[in-house]
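Report on the structure
Next come the chains, spelled out residue by residue.
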Amino acid sequence: DSGVTQTPKHLITATGQRVTLRCSPRSGDLSVYWYQQSLDQGLQFLIQYYNGEERAKGNILERFSAQQFPDLHSELNLSSLELGDSALYFCASSVDGGGNHNEQFFGPGTRLTVL
Amino acid sequence: AQKITQTQPGMFVQEKEAVTLDCTYDTSDQSYGLFWYKQPSSGEMIFLIYQGSYDEQNATEGRYSLNFQKARKSANLVISASQLGDSAMYFCAMREGSNNAGNMLTFGGGTRLMVKP
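A brief structural summary.

Things to note about the overall build of chain B
Of regular secondary structure, chain B possesses 0 helices and 12 strands. Listed N to C, the secondary structure of chain B is β-β-β-β-β-β-β-β-β-β-β-β in terms of helices and strands. Relative to the 2.2 N^0.38 estimate, which gives 13 Å for 117 residues, the radius of gyration of chain B is 14 Å and therefore close to what a compact globule would have. Dimensions of chain B, computed from the C-alpha atoms along their principal axes, are close to 45 × 30 × 25 Å. Restricting to contacts in chain B with at least 6 residues of sequence separation, those with at least 24 account for 55%. Here chain B has roughly 5600 Å² of accessible surface; of this, 47% comes from carbon and sulfur atoms. Each charge sign in chain B was given a centre, from 10 positive and 11 negative side chains, and these centres are 3 Å apart.

A look at the state of the cysteines
All chains considered together, the criterion is met by 2 disulfides over all chains. Covalent S-S linkage joins Cys23 of chain A and Cys91 of chain A, the inter-sulfur distance amounting to 1.8 Å. Here the S-S torsion is close to -50°, and the disulfide linking Cys23 of chain A with Cys91 of chain A is therefore left-handed. Linking Cys23 of chain A in strand β3 (residues 19-24) with Cys91 of chain A in strand β9 (residues 87-94), this pair joins segments that are 68 residues apart in sequence. Across the pair, Cys91 of chain A and Cys23 of chain A agree in class, each one buried. Disulfide partner of Cys23 of chain B: Cys92 of chain B, at an S-S distance of 2.0 Å. On the S-S bond that ties Cys23 of chain B to Cys92 of chain B, the torsion sits near -65°, and the link is left-handed. In this pair, Cys23 of chain B sits in the loop between β3 (19-21) and β4 (24-25) while Cys92 of chain B sits in strand β10 (residues 88-96), placing the two residues 69 residues apart along the sequence.

Points about the nonpolar core
Core analysis: the biggest nonpolar cluster contains 25 residues, and Leu21, Tyr25, Trp36, Ile49, Leu77, Tyr90 and Leu113 of chain B have the highest contact counts within it. Where this core is concerned, the elements lending two or more residues are β2 (10-14), β3, β5 (32-39), β6 (46-52), β8 (64-69), β9 (74-79), β10 and β12 (111-116) of chain B. Looking at this core, the element that brings in the most residues is β10 of chain B, giving 4 residues. Here Leu21 of chain B is in contact with Gln8, Met11, Trp36, Asn76, Leu77, Tyr90, Thr111 and Leu113 of chain B, once residues within four sequence places are set aside. Membership of the second largest hydrophobic core comes to 21 residues, among which are Leu76, Ala87, Cys91 and Leu112 of chain A.

Thresholds applied
- Residues numbered from 1 in each chain as written.
- Chains lettered and ligands numbered in written order.
- Predicted model: local features only at pLDDT ≥ 70, side-chain atom pairs only at ≥ 80, totals over all residues.
- Heavy atoms only, no water.
- Helix = DSSP H or I, 4+ residues; strand = E, 2+ residues; numbered from the N terminus.
- Rg over C-alpha atoms; globule rule 2.2 N^0.38 Å.
- Contact = heavy atoms within 4.5 Å.
- Areas by Shrake-Rupley, 256 points an atom, 1.4 Å probe, with all protein chains shown as cover.
- Lys, Arg positive; Asp, Glu negative; His and termini not counted.
- Charge placed at Lys NZ, Arg CZ, Asp CG, Glu CD.
- Disulfide = S-S within 2.5 Å.
- Buried < 20%, exposed > 50% of the residue type's maximum accessible area, 1.4 Å probe, protein only.
- Core = buried A, V, L, I, M, F, W, Y, C linked by side-chain atoms within 4.5 Å.

In structure tokens form, the structure reads like this:
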């Protein structure tokens, strides 16, 4: 158990819908990262928040947005869902926003299926 | 160009033998970090080992060691005394950049390791 929690574990929805994925980082970690794992694209970085502020952005679609709340939990919002958004979405956390030996601890993931 | 390349989509190893999983990387940064993660069939990502670009010695963590060859830009994972529970996908990843640039990881395509009894 990495200490990172994600809910829900599974999500099945229809095209055009909107969903929210939730992540709670390990105690003491200030950074939260979101990654998408799909068969087509592999594991891709989406976005990072550090202590409530956006720190880095990767291949995140405009239909997707995220935020980190004062209690440091984070939510990833996916809207106007398409079939291609079906993937495993991971949240990870680390102690700080950058630097050297800061391994990221991954949550169990949310498997999103868009029908 | 791929930043992280794992050329072995799948590998078999006999139980109790050692195995090397290849990883090459591409970066122009002087400061970077290299990570290996394991993903069993259950799906979670498990951190295994880390190597910093300025580390002079190869990293070791139990049965895992990292064969870091900076000039060749390779960071191969060596698993000694393979166990059946080592059967999984293995991902090599890199963090580039300074503190201000964030800490995102770029992952390779992964290698599926299968341990034979």
